[in-house]
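Summary of structural features
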Amino acid sequence: MIPAVDTLLKDIRNKRIAPVYLIHGDEPYYLDRIAEELEKVAVPVAERGFNQFVLFGKDTDAGAVLNYARRYPFMAERQLVLVKEAQQMNGINDKSTQTLLEDYALNPLSSTILMLCYVKEEGKPGLDERKSWVKAFGSKGKLLGVKKLYDNKIPDWVGEYCREQGAKVSPKACQLLADHIGNDLKRLAGEIDKILINLHVGEEISAATVERLVGISKEYNVFELQKALVQRDVVKANQIVDYFGRNPKDNPLVVILAQLFSYFSKVLLVQASKDQTEKGLAPVLGVNPFFVKDYLTAARTFPLPKVAGIIHSIRRADARSKGIDAPSMTESDILRELVFEVLH
C-alpha cells in the first residue's frame, strides 16, 4: 500500500472526513478504492437515496456539481457529492471553471463532502498541483496524487494485497502474477480474488495454484523460457516459442519482451555489483531474496559482453515488433530469432 493512500483510507474509516477531496493520478485502482471507502462511511445506507450523488465528469460541469454541493442534506447530517473521471468535466481546463471550484473549495459547506477523482489520461498532462484551484482543495481538505507503481514493485504489491485478505502467498506466485498480468492493479486484484474464492482454508497461494486458477501454462510461460535460456536448453526454449506462437493472445510479444528485458537488465546489475551475496543483491535488484540465486546462475552462464548483446537484441526485437526494419516478420519469427541470438 502507498503510505499516503493508507493514511487517507484509515482517516476515512475512522470518520475523520474532510469537506473537500481532490485525488488524482494515473493509477485508477487507488482512486476507485478511496472513493469506494468514502461511499461506505460518508452517508448511512438509509439516507443515500436523497443524500449521495455520484456523477461522471463527461455528463456534468462545475456549475452542476457545485449546485449539488451547495444544497443542504435532506433530513440528515451530511451529503456526499462524488465526481468520478473529473478530468472529463466540461470546461475543467477553463480559468472560469477553475475559479468556481477554487471559490467553493476555500469556503465549503460543512454539511457536504465533495470529492473529485481526476484520472491522468494516457498522452495527456496530469493535474498541476501548483495551480491555485488545486491548492485550495489541499488547504481546506485533502489533496492526493497517486502514481502508477513501477513494474519491479508489482510483486510486493501482490504479496501485500494477499496478506490484506488474510492469505499466504509464495514469492514465485507473486512474481508469476506480476509477469502474467502486468501493472494493471484492478485486474490483478480481480485475479487474486478469484484465486481466494477457490482456495481451501489455510492453503497458501503457490505458483501451481496461480497456473491452475489463472490459466497460465505450467510448462510454457516466460519463467520457463528464462530457465531454458539460462540452461541453454535449445529444445525446450524452442518448444516454448512454438507454444507462444500458437497462442499469441495469451502471450503477447510486447509483454514477453518487456519481461526478458527486465530479467537480463537485472543479470547485468548482478555482474556490475561488488556484493555478490543474495542478501546484498536483493535490494539492488528490487526482488525477493528467493529469486537472487536465479540471477546469479544467469550471470555465471552469460558473460558481461554477452548480456549486453542480449539486451541489444531485445531492443531490436522490440523495434521489429513495431514494424521497424522488419515489417514483414511475424511476432513468432521475431521471438524465434531473438531466442536463437541468446543461445548462440
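Residues numbered from 1 in each chain as written. Predicted model: local features only at pLDDT ≥ 70, side-chain atom pairs only at ≥ 80, totals over all residues. Heavy atoms only, no water.

**Section: the overall build of the protein chain**
To be explicit about the condition: A run of DSSP states H or I qualifies as a helix once it reaches four residues; a run of E qualifies as a strand once it reaches two. Both are numbered from the N-terminal end. Only protein chains enter the accessibility calculation, which uses a 1.4 Å probe; a residue whose area is less than 20% of its type maximum is buried, one above 50% is exposed, and one in between is partly exposed. Should any heavy atoms of two residues lie within 4.5 Å, those residues are considered in contact. The method behind every accessible area is Shrake-Rupley, applied with a 1.4 Å probe, and residues are considered shielded solely by the protein chains displayed. As used throughout, the charge tally considers Lys and Arg to be positive and Asp and Glu to be negative, leaving His and the chain termini uncounted. Here the site of a charge means NZ on Lys, CZ on Arg, CG on Asp, or CD on Glu.
Counting its regular elements, the protein chain contains 17 helices and five strands. The principal-axis extents of the C-alpha atoms in the protein chain amount to approximately 75 × 50 × 40 Å. Taken across its 344 residues, the protein chain has 47% of its residues classed as buried. Of the contacts made within the protein chain by residues no fewer than 6 positions apart, 72% connect residues no fewer than 24 positions apart. Put simply, the protein chain shows about 17800 Å² of open surface, and 52% of that area lies on carbon and sulfur atoms. Between the mean site of the 47 positive side-chain charges and the mean site of the 45 negative ones, the protein chain shows a separation of 3 Å.

**Overview of empty space enclosed by the protein**
We apply this condition: Space inside and on the surface of the protein is sampled on a 1 Å grid over the protein atoms alone, with a cavity defined as a set of points where a 1.4 Å probe fits but cannot get out and a pocket as an open set with protein on both sides within 12 Å along at least 5 of 7 lines; lining residues have an atom within 4 Å of a point. Grid points are joined across faces, edges and corners, and a volume is the space filled by probe spheres set on the points.
In this structure the tally under the stated criterion is two cavities of 30 Å³ or more. Quantified by volume, the largest cavity comes out at close to 40 Å³. Lining the largest cavity are Ser-313, Arg-316, Ala-317, Arg-320, Ile-334, Glu-337, Leu-338 and Glu-341. Mapped onto the lining of the largest cavity, the elements with two or more residues apiece are helix 16 (304–321) and helix 17 (331–343).

**Some thoughts on helix 9 (residues 185–197)**
Rule in force here: In this analysis, the expected span of each helix is defined as 1.5 Å times one less than the number of residues it contains.
In this model helix 9 runs 18 Å from its N-terminal to its C-terminal C-alpha over 13 residues, within 8% of the 18 Å that 1.5 Å per residue would give. If you follow the buried residues of helix 9, they end up packed against helix 2 (28–42), helix 7 (154–164), helix 8 (171–181) and helix 10 (207–214).

**Quick look at the environment of Gly-159**
Tracing the sequence through the fold places Gly-159 in helix 7. For the pair Gly-159 and Cys-174, spaced 15 residues apart in sequence, the C-alpha to C-alpha distance is 6.1 Å.

**Some details on the environment of Lys-148**
Put simply, the rule is: Within 3.5 Å is the distance limit for a polar contact, defined as a pair of N or O atoms, with the added protein rule that one can donate a hydrogen and the other accept it, and that residues adjacent in sequence qualify only through two side-chain atoms.
As for its position among the elements, Lys-148 is in the loop between strand 5 (142–146) and helix 7. Sequence separation between Lys-148 and Tyr-29 is 119 residues; the distance between their C-alpha atoms is 9.3 Å. Within the structure, the side chain of Lys-148 is placed 3.3 Å from the side chain of Glu-27, a separation counted as a polar contact.

**Thoughts on the confidence of the model for the protein chain**
This is how the line gets drawn: Residue-level confidence of the predictor is summarised by pLDDT, bounded by 0 at the bottom and 100 at the top.
The share of residues in the protein chain with pLDDT of 70 or more is 100%, and the mean pLDDT across the chain is 91. Ranking the elements of the protein chain by mean pLDDT puts helix 10 last, at 86, and strand 3 (residues 79–84) first, at 97.

**Remarks on the sheet that holds strand 2 (residues 52–56)**
Short version of the rule: Pairing between strands requires that DSSP locate at least two bridges from one strand to the other. To define axes, lines are fitted to C-alpha atoms, for helices over the stretch in contact only, and angles between the resulting N-to-C directions are given on a 0 to 180 degree scale.
The five strands lie next to each other as 2-3-4-1-5, forming an open sheet whose pairing is parallel. Both outer strands of the open sheet, strand 2 and strand 5, are each paired with one neighbouring strand and no more. The sheet shows a mean angle of 10 degrees between the axes of neighbouring strands, taken without regard to direction. Looking at chain direction, strand 3 and strand 4 (residues 112–119) are connected through five bridges and run parallel. By the bridge assignment for strand 4, Leu-80 is matched with Ile-113. Against the sheet, helix 2 engages strand 1 (20–25), strand 2, strand 3, strand 4 and strand 5, with an angle of about 165 degrees to strand 4.

**Examining the layout of surface pockets**
To keep it simple, the criterion reads: Here the term charged refers only to Asp, Glu, Lys and Arg, the term nonpolar to Ala, Val, Leu, Ile, Met, Phe, Trp, Tyr, Cys and Pro, and the term polar to all other amino acids, Gly among them.
Of the voids in this model, the largest pocket is the one considered here, and its volume is about 840 Å³. Along the wall of the largest pocket there are 31 residues; nearest its centre are Gln-175, Asp-179, Phe-223, Gln-226 and Tyr-295. Only helix 7, helix 8, helix 11 (222–230), helix 13 (253–272) and helix 15 (292–301) provide two or more residues apiece to the lining of the largest pocket. Classifying every residue of the lining of the largest pocket by side-chain character gives 13 nonpolar, ten polar and eight charged.

**A closer look at the state of the cysteines**
Stated precisely, the cut-off is as follows: To count as a disulfide, a pair of cysteine sulfur atoms needs to be within 2.5 Å.
Summed over all chains, the structure comprises zero disulfides. Cys-162 supplies the cysteine sulfur nearest to Cys-174, a cysteine that is in no disulfide, at a spacing of 5.8 Å. A relative accessible area of 7% places Cys-174 in the buried class.

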